[in-house]
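Notes for the structure review
Okay, here's what each chain looks like letter by letter:
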Amino acid sequence: MASKERFEMPWQYNFPPFFTLQPNLDTRKLQLEAWSALILKYFRSHRLHIIDVNEAQSSPLFHNVSLNRKLSTETIQLILEELRRTGHLEWMDKQKRRGWILWRSVDDWAKLLYRWAIDNGMSNTVCTLYDLLHGHDTADEEFHNMDQDLMQRALKALELQKKAEVISMDGNIGVKFF
Amino acid sequence: MRKAGIGAIDKKRLMEARLKDHGEEIAAEQLKQLSTSLETFRVKLQEFAMKHKNEIRKDPEFRRQFQEMCASIGVDPLASSKGFWSDMLGIGDFYYELGVQIVEICMANNHKNGGIMPLEELFHRLVKSKGSTASQGLATDDVLRAIEKLKILGNGFSIIQLDRGRILIQSVPGELSLDQNQVIKAAQQNASITLLELKVKLGWQEDRSRKILNDMVAGGLAWIDTQTGASNSDILYWFPSLFNANINTL
């Protein structure tokens, strides 16, 4: 499993006007596409899953300190909306303040979890959600330490496909794969 | 007196006519010699080309010098894809093929860079698309020659010379206006320029400067940057093609 490869910012990150929303619509389209791609790569490389609009500006991703340039909150929202449109973001709240950045779709996560369970002989046994997330056995997996709610969304998808069952056991959550 | 005078004049005219004939004879003789030696040179050049066919094809420096030698006697081995030179060397095809690839690459990237690409970037993209073996021995000089040939097809392609030997390839149909060209040259050092700087550098009126800059933003050639710090009203106009030429990356 290729774990955290060194992340390199694309050239645009050092191009000062990249941080100003472009008035020309064609140029703006290029700009939003480049930002979308950058966000997905950055989140994937850093194994991040949740974006918080209020805190985004303090991330080095949106604020290039050496250039003294940062994206406005309005522009960040515009880019996030673009990500939502292409299926790479799901809002967690109606106010659109927090969202999951889906560098893998929920279905992809579901497939990945299921494959791991089958490959590791976990079918028909119960494992805890905690072990799936933080256990030794999953340390090399992309879903290791991922957002718990997002993982539950993926498990839910597996449940619908009758490939897993989520079980609640005195406050803990367990999963049985079939 | 009068008769003798006329006789003298006639004699002088006769002399002049003879001298002229003689002079023409000499000139004709020289011309004949010159064209024989030119012919000899051409034959030698052909022999040379025949003998060094492989070096010409494979070694870019050799190829460049050969081209210069041809140019000095008015032979253009690329002028057409038919004829001795191209049949002999196949270099007509070589540049023809290169030209097609250049057009493809420029068209595919026009929407990104507004039709202006640094020569190095074009070269790297060419090498990438040809593969490392096929592009062995390809030089930027060849790319420039192929572009010169593309000009025959219309004004779609041109070469913009910047300072310190940097070169931009422009592939937007219809040339950059003279004004736009001047803006690019004025902005080349920082890859950006403000309205004020432009006015000072080129001595233009504000309206003219503003219009050209707005046109370049509208054409996708320039990006605006409003976070310049000092005074907010001073928008910086950035040129991605120049920026990439400066940092020399893809």
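So, here's what we can say about the structure. These numbers were taken from a predicted model, which means no experiment stands behind them.

1. A look at the overall build of chain B
- In terms of helices and strands, chain B carries 11 helices and 6 strands.
- Per-residue burial for chain B yields a buried fraction of 38% across its 250 residues.
- Partitioning the contacts of chain B with sequence separation of at least 6, the portion at a separation of at least 24 is 55%.
- When the accessible area of chain B is evaluated, it comes to approximately 14,700 Å², of which 56% is carbon and sulfur surface.

2. Regarding the environment of Asn172(A)
- Mapped onto the fold, Asn172(A) is located in strand E8 (residues 172-177).
- With 44 residues separating them along the chain, Asn172(A) and Thr128(A) place their C-alpha atoms 7.3 Å apart.

3. Here we look at the packing of aromatic side chains
- Inspection of the entire model under this criterion finds 15 aromatic pairs over all chains.
- Taking the centre distance of 6.1 Å and the plane angle of 40 degrees together, the rings of Trp11(A) and Phe243(B) count as tilted. Highlighted residues: Trp11(A) in the segment before helix H1 (25-45) and Phe243(B) in helix H11 (residues 240-247), drawn from two different chains.
- Of the residues examined, Trp11(A) reaches a relative accessible area of 22% and is grouped as partly exposed.
- Residue class for Phe243(B) comes out buried when judged on its relative accessible area of 9%.
- With a centroid separation of 6.0 Å and 75 degrees between ring planes, the pair formed by Phe15(A) and Trp238(B) is classed as edge-to-face. In this pair, Phe15(A) sits in the segment before H1 while Trp238(B) sits in strand E6 (residues 236-238), so the two residues belong to two different chains. The same class applies to Phe15(A) as to Trp238(B), namely buried.
- Of the aromatic side chains, those joined through ring pairs into one cluster are Trp11(A), Phe15(A), Trp223(B), Trp238(B) and Phe243(B).
- Directly above the ring of Trp109(A) sits Arg104(A), whose terminal nitrogen or CZ lies 5.6 Å from the centroid.

4. A closer look at the pairing of strand E7 (residues 164-169) of chain A
Residue and element names in this part refer to chain A.
- Two strands pair when backbone bridges link them, and E7 and E8 are joined in this way by 6 bridges, in the antiparallel orientation. Bridge pairing in E8 places isoleucine 167 opposite glycine 174.
- Between E7 and the antiparallel strand that follows it, E8, lie 2 residues; aspartate 170 among them carries a positive phi value of about 25 degrees.

5. Quick look at the sheet that holds E7(A)
Residues and elements named next belong to chain A.
- Pairing is antiparallel across the open sheet formed by 3 strands, whose spatial order is E6-E8-E7. Each edge of the sheet is formed by a strand with only one pairing partner; in this case those strands are strand E6 (126-128) and E7. Sheet twist, expressed as the average angle between the axes of neighbouring strands with direction ignored, equals 30 degrees.
- Here helix H6 (residues 148-160) sits on the sheet in contact with E7 and E8, set at roughly 125 degrees to E7.

6. Let's talk about the sheet that holds strand E1 (residues 50-52) of chain A
Residue and element names in this part refer to chain A.
- Taken together, the 3 strands give an open sheet; going across it, the order is E1-E5-E4, and neighbouring strands pair in antiparallel fashion. Looking at the sheet topology across the chains shown, the edges are occupied by E1 and strand E4 (89-91). Neighbour to neighbour, the strand axes of the sheet diverge by 30 degrees on average, direction disregarded.
- For E4 and strand E5 (residues 98-101), the ladder comprises 3 bridges, and the chain directions are antiparallel. The residue bridging tryptophan 91 from the neighbouring strand is glycine 99, located in E5.

7. Description of the pairing of strand E3 (residues 167-170) of chain B
Residues and elements named next belong to chain B.
- Covered by surrounding structure in E3 are Ile167 and Ile169 together with Leu168 and Gln170, the residues of both alternating faces.
- Bridging between strand E1 (residues 116-118) and E3 involves 3 bridges; their strand directions are antiparallel. Looking at the pairing, proline 118 lines up with leucine 168 of E3.
- In this antiparallel pair of consecutive strands, strand E2 (residues 158-161) and E3, the connection spans 5 residues, and arginine 164 shows a positive phi of 50 degrees.

8. Focus: the interface of chain B and chain A
- Taken together, the 20 residues of chain B in the interface contact 17 residues of chain A.
- The contact between chain B and chain A buries some 1,500 Å² in all, and 65% of this surface belongs to carbon and sulfur atoms.
- Taken together, chain B and chain A are joined by 1 salt bridge.
- The salt bridge partner of Arg69(A) is Asp225(B), with a shortest N-O separation of 2.8 Å.
- The interface formed by chain B and chain A holds 8 residue pairs in polar contact (both at pLDDT 80 or more) in total.

9. Regarding the pattern of salt bridges
All names here are of chain A.
- Inspection of every chain in the model, using the stated rule, returns 17 salt bridges over all chains.
- As a salt-bridge pair, glutamate 90 and arginine 153 come within 2.4 Å of each other at their nearest N and O atoms. Taken as a pair, glutamate 90 in strand E4 and arginine 153 in helix H6 lie far apart in primary sequence, 63 residues in all.
- With a relative accessible area of 27%, glutamate 90 lands in the partly exposed category.
- Its relative accessible area of 29% is what places arginine 153 among the partly exposed residues.
- One salt-bridge network, held together by shared partners, links Arg44, Arg104 and Glu142.

10. Details of the nonpolar core
- Grouped together as the largest cluster of nonpolar side chains are 78 residues, with contacts concentrated most on Trp35(A), Ile39(A), Phe62(A), Leu80(A), Ile101(A), Met151(A) and Phe177(A).
- Element by element, the count of residues in this core is highest for H1(A), at 8 residues.
- Discounting chain neighbours no more than four positions away, the residues touching Ile39(A) are Leu61(A), Phe62(A), Ile79(A), Leu83(A) and Ile101(A).
- In terms of nonpolar packing, the next biggest core, distinct from the first, is built from 19 residues, Ile105(B), Cys106(B), Phe157(B) and Ile169(B) among them.

11. Digging into unusual backbone geometry
All names here are of chain A.
- If you check the backbone angles, asparagine 124 has positive phi at about 65 degrees while not being a glycine.
- When you line up the elements, asparagine 124 lands in the loop between helix H4 (106-119) and E6.
- Residues other than glycine seldom take positive phi values, yet lysine 162 does so here, at roughly 60 degrees.
- Note on placement: lysine 162 falls in the loop between H6 and E7.
- Residue lysine 162 is classed as exposed on the basis of its relative accessible area, which comes to 68%.

Calculation rules
Residues numbered from 1 in each chain as written. Chains lettered and ligands numbered in written order. Predicted model: local features only at pLDDT ≥ 70, side-chain atom pairs only at ≥ 80, totals over all residues. Heavy atoms only, no water. Helix = DSSP H or I, 4+ residues; strand = E, 2+ residues; numbered from the N terminus. Buried < 20%, exposed > 50% of the residue type's maximum accessible area, 1.4 Å probe, protein only. Contact = heavy atoms within 4.5 Å. Areas by Shrake-Rupley, 256 points an atom, 1.4 Å probe, with all protein chains shown as cover. Phe/Tyr/Trp six-rings, centres within 6.5 Å; stacked < 30°, edge-to-face > 60°. Lys NZ or Arg CZ within 6 Å of the ring centre and 35° of its normal. Pairing = 2+ DSSP bridges. Axes fitted to C-alpha atoms, helices over the stretch in contact; angles between N-to-C directions. Buried area = accessible area lost by both parts, 1.4 Å probe. Salt bridge = Lys/Arg side-chain N within 4 Å of Asp/Glu carboxyl O. Polar contact = N/O pair within 3.5 Å; in protein donor to acceptor, adjacent residues only side chain to side chain. Core = buried A, V, L, I, M, F, W, Y, C linked by side-chain atoms within 4.5 Å.

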